[in-house]
Amino acid sequence: MVESGAERVSDGVHTQPDLAGGTTYGLTVVCVGHGGAETAFTPRDAGPKKRIPCDGSVVFERFTGRGPLRMDVRGNPGSTGVIAWRVNKV
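Trainee: What is the right way to read unusual backbone geometry from this model?
Mentor: The omega torsion across Thr-42 and Pro-43 is 5°, close enough to zero to call that bond cis. Inspection of the secondary structure puts Pro-43 in the loop between β3 (24-42) and β4 (51-64).

This is the structure in structure tokens:
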């Protein structure tokens with residue numbers, strides 16, 4: 001595991017993990033509550049946006065580490081609940 005956490009949907013997840021270039025990682029996210037959220041990577045081409053329903057479904061996204069990277073999980077307007085997340089080396 002690289003890092004993990006649990007946040008309120010209204011706060012979202014905002015992290016800049018220290019990742020090795022060329023290494024494959026997995027982002028696992030689950031949201032429990034009402035509404036939904038969406039992943040976002042900066043730079044944008046580091047990983048696709050992915051919708052996350054707040055119904056307890058587990059969402060997994062693979063991406064390759066490279067240079068500075070920021071990952072965000074933002075709750076949709078009006079969404080409530082908790083987001084749990086984890087970044088693992090694959």
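After that view, the rundown keeps rolling.
Trainee: How do you make sense of empty space enclosed by the protein when you look at a structure like this?
Mentor: Empty space among the atoms can be located by rolling a probe the size of a water molecule over them. Taken as a whole and judged by the stated rule, the model has 1 cavity of 30 Å³ or more. One number sums up the size of the largest cavity: a volume of about 30 Å³. Taken together, Val-13, Thr-15, Leu-27, Met-71, Asp-72, Val-73 and Trp-85 make up the full set of residues lining the largest cavity. Taken together, the elements giving at least two residues each to the lining of the largest cavity come down to β2 (13-15) and β5 (70-75). Looking at which element gives the most residues to the lining of the largest cavity, the answer is β5, with 3 residues. Of the residues contributing to the lining of the largest cavity, the split by class is 5 nonpolar, 1 polar and 1 charged.

Trainee: Can you help me understand the state of the cysteines in this one?
Mentor: Each disulfide consists of a covalent bond between the sulfur atoms of two cysteine residues. Enumeration according to the criterion identifies 1 disulfide in this entry. Sulfur-sulfur distance for the disulfide between Cys-31 and Cys-54 comes to 2.0 Å. Because the sign of the S-S torsion sets the handedness, a value of about 70° for the bond joining Cys-31 and Cys-54 places this disulfide among the right-handed ones. Taken as a pair, Cys-31 in strand β3 and Cys-54 in strand β4 lie far apart in primary sequence, 23 residues in all. The buried category is assigned to Cys-54, whose relative accessible area is 4%.

Basis of the calculations
By convention here, each chain's residues receive numbers from 1 onward along its written sequence. Note on the predicted model: pLDDT of at least 70 is required for a residue's local features to be given, and 80 or more for side-chain atom pairs to be given and counted; whole-chain, interface and lining totals, by contrast, use all residues. As a rule here, side-chain values come from all non-hydrogen atoms in the structure, and water together with hydrogens is ignored. Secondary structure follows DSSP: runs of H or I at least 4 residues long count as helices, runs of E at least 2 residues long count as strands, and numbering of each begins at the N terminus. Cavity: a set of points on a 1 Å grid over the protein atoms alone where a 1.4 Å probe fits but cannot get out. Pocket: an open set with protein on both sides within 12 Å along at least five of seven lines, its lining residues, like those of a cavity, having an atom within 4 Å of a point. Grid points are joined across faces, edges and corners, and a volume is the space filled by probe spheres set on the points. Polarity classes work like this: nonpolar for Ala, Val, Leu, Ile, Met, Phe, Trp, Tyr, Cys and Pro, charged for Asp, Glu, Lys and Arg, and polar for all others, with Gly in that last group. Here, the term disulfide refers to a pair of cysteine sulfur atoms separated by no more than 2.5 Å. In this scheme, a residue with accessible area under 20% of its type's maximum is buried, one over 50% is exposed, and one in between is partly exposed, where area comes from a 1.4 Å probe on protein chains only.

Note that every value here comes from positions in space, so none of it alone points to a role or purpose.
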